[in-house]
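# Structural overview
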Amino acid sequence: MAKLQVTVNNPVVSRWKTKDPHRLEHPTKIYLLFHHNHPIHAASALKHRDVSKETQTKIDQLLLNGYAPAAALEKFKFDLQLEDPVNYITISGDRALCPDLSWVYRRSYALGQERYGRNDSTESLKVFIQSINSNFPQQTITCQEDSTTKDATVDFAQMDMTEEGQMIVDICTPLMRRVHHTLKHSGEIVFIDSTGNVDRTGVRVFLLVAHSCLGGLPLGVIITSSESTSTIKASLKLLCSVIGPSGFFGRGQKGPLIFMTDDSRAERAALAEIFPESGQLLCAFHLLQAFWRYIWDQKTQVHRDQRQHIFHLVKDIMYADNKEMMDRIIEKVLTDEENNPEMRQIICYIGTGQYHASSWFDNLKSDNRSADTKLGV
């Protein structure tokens, strides 16, 4: 609590009546009594202190070294415990010496803006691409054009904007380029898959992988702000220029013999237009994964006890040896609908939803036949 007392004395007083020599020139006296009405060294008060400069410097160094905010705070606490294990409990309750997680997240965001600019703009990606190209030495490749040979210097990452204003970034590191040049499988079957929600701007990341005896080896990375067909087409064209004419084990612009994808119409349409000589295969794992998520969605209202049974029916349809067997399984599903209303979900998904079972089956078998022909099986 604080108390303020102000006293104003009458300056018109003879000197012999007062012993204060300053009263005539400074007649006002101010008394300030300041006392805390709570303990100032308790944890309840220390947790509200501002983070000290020394602590901020240590946290900044951890963040700049690549630690995520949560991991940086855990590492900082671990170092505090090593420095003073006896008083660690008291120190950890002082926000000036041990910040909270929300402050570390805000500090990480501020550092990101200082180094890379706003995360909702293309400036951060431009800085990212420049760092990739500066960290790796420039590589010279040999290009064949009209029976003439010439050397060209290529970058490991490039960025462009589509006509619709969508951002695309293509990356092919020295390791990826070495896989293109030395691994035969990179010209046979290439797996391409995308993932989203990698940051708050919602960009999509496509990864191209080739199989080997060691597992999957990367061939390239595509970052886009959209998953439309036109955006994927532009990113694939840019990837061809980044990879160079010797990519895909010397096939270059032709692409690999086979692309394996999920059931994304935009992705398959873009691949068919950019690489018309490459066949396409549907990945059974991604199809089953998509359906499993579908029946677990609360909006579908599929009972827990029926999910596994419905999932196995779709799996049997997928692995049917011929169209007649597939039709028999679908007929079984239609029969079960009379006794189980929840079967309507699987009928909607197969018949009018994403699968379109009949056309999907025909496309799958034709893709398998074309793949066998291309690979010489």
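Residues numbered from 1 in each chain as written. Predicted model: local features only at pLDDT ≥ 70, side-chain atom pairs only at ≥ 80, totals over all residues. Heavy atoms only, no water.

### Describing the packing of aromatic side chains
Taken as a whole and judged by the stated rule, the model has 5 aromatic pairs. Members of the aromatic cluster, joined through ring pairs, are F248, F259 and F275. Seen from the ring of W296, R307 lies directly overhead, with NZ or CZ sitting 4.0 Å from the centre. (Phe/Tyr/Trp six-rings, centres within 6.5 Å; stacked < 30°, edge-to-face > 60°. Lys NZ or Arg CZ within 6 Å of the ring centre and 35° of its normal.)

### Considering the packing of helix α8 (residues 229-243) against helix α10 (residues 265-274)
The contact between α8 and α10 brings their axes to 8 Å, and the two run at 45 degrees. Classified by the interaxial angle, the pair formed by α8 and α10 is oblique. For the pair α8 and α10, the crossing hand works out as right-handed. Side by side, α8 and α10 meet where T229, I232, K233, L236 and K237 of the first sit next to A266, E267, A269, A270, L271, E273 and I274 of the second. Within the contact of α8 with α10, the residues separate by chemical class into 7 nonpolar, 1 polar and 4 charged. (Axes fitted to C-alpha atoms, helices over the stretch in contact; angles between N-to-C directions. Helix = DSSP H or I, 4+ residues; strand = E, 2+ residues; numbered from the N terminus. Parallel < 35°, antiparallel > 145°, perpendicular 65-115°, else oblique. Left-handed = near helix turned anticlockwise from the far one by under 90°. Contact = heavy atoms within 4.5 Å. Nonpolar A, V, L, I, M, F, W, Y, C, P; charged D, E, K, R; others polar.)

### A closer look at the confidence of the model for the protein chain
Taken as a whole, the protein chain shows an average pLDDT of 78; of its residues, 74% reach a score of 70 or greater. Helix α2 (residues 53-64) holds the highest mean pLDDT among the elements of the protein chain, 94, whereas strand β3 (residues 139-145) holds the lowest, 40. A low-confidence stretch, residues 140-152 (pLDDT under 50), is modelled with 21 contacts involving residues beyond four sequence positions or located in other chains. The low-confidence segment residues 352-359 (pLDDT under 50) makes 21 contacts with residues lying over four places distant or belonging to another chain. (pLDDT = per-residue confidence, 0-100.)

### Details of the packing of helix α11 (residues 284-296) against helix α12 (residues 304-318)
Remark: α11 packs on α12, axes separated minimally by 10 Å, with the N-to-C direction vectors making an angle of 155 degrees. Comparing their axes, α12 and α11 come out roughly antiparallel. Here the hand of the crossing between α11 and α12 comes out right-handed. Facing α11, whose interface residues are A284, L287, L288, F291, W292, I295 and W296, α12 presents R304, R307, I310, F311, V314, K315 and M318.

### Some remarks on the nonpolar core
Grouped together as the largest cluster of nonpolar side chains are 31 residues, with contacts concentrated most on L208, L236 and F275. Taken together, the elements giving at least two residues each to this core come down to β6 (167-171), α7 (174-182), β7 (189-195), β8 (204-212), β9 (215-224), α8 and α10. In terms of residue count, the dominant contributor to this core is α8 (6 residues). Apart from residues no more than four positions distant in its own chain, L236 is found in contact with I222, A270, L271, I274 and F275. Listed in part, the 14 residues of the second largest apolar core include I59, L62, I91 and L111. (Core = buried A, V, L, I, M, F, W, Y, C linked by side-chain atoms within 4.5 Å. Buried < 20%, exposed > 50% of the residue type's maximum accessible area, 1.4 Å probe, protein only.)

### Notes on the sheet that holds β8
Strand order in the open sheet formed by 7 strands is β5-β6-β9-β8-β7-β10-β11, and the pairing between neighbours is mixed. The sheet terminates laterally at β5 (157-161) and β11 (279-282), the two strands that pair on one side only. When the angles between neighbouring strand axes are averaged without regard to direction, this sheet yields 25 degrees. Sheet topology places β7 next to strand β10 (residues 258-261); 3 bridges connect them, and they run parallel. Counterpart to I189 in the pairing with β10 is I258. Contacting β5, β6, β8 and β9, α8 runs over the sheet at an angle of about 30 degrees to β6. Relative to β11, α10 is tilted by about 160 degrees, and along the sheet it contacts β7, β8, β10 and β11. (Pairing = 2+ DSSP bridges.)

### A word on the pattern of salt bridges
One pass over the structure, following the stated rule, counts 7 salt bridges. With its nearest N and O atoms 3.0 Å apart, the salt bridge here joins K75 to D79. In this pair, K75 and D79 are both assigned in helix α3 (residues 69-83), 4 residues apart and thus about one turn of the helix distant. A relative accessible area of 29% places K75 in the partly exposed class. (Salt bridge = Lys/Arg side-chain N within 4 Å of Asp/Glu carboxyl O.)

### Quick word on the pairing of β5
In regular strands, side chains alternate between the two faces of the sheet. In this sheet, β6 lies alongside β5 in antiparallel orientation, the contact comprising 5 bridges. Looking across to β6, one finds that D160 is bridged to I168. Hairpin geometry of β5 and β6 is characterised by an intervening segment of 5 residues between the two adjacent antiparallel strands and by a positive phi of about 85 degrees at G165.

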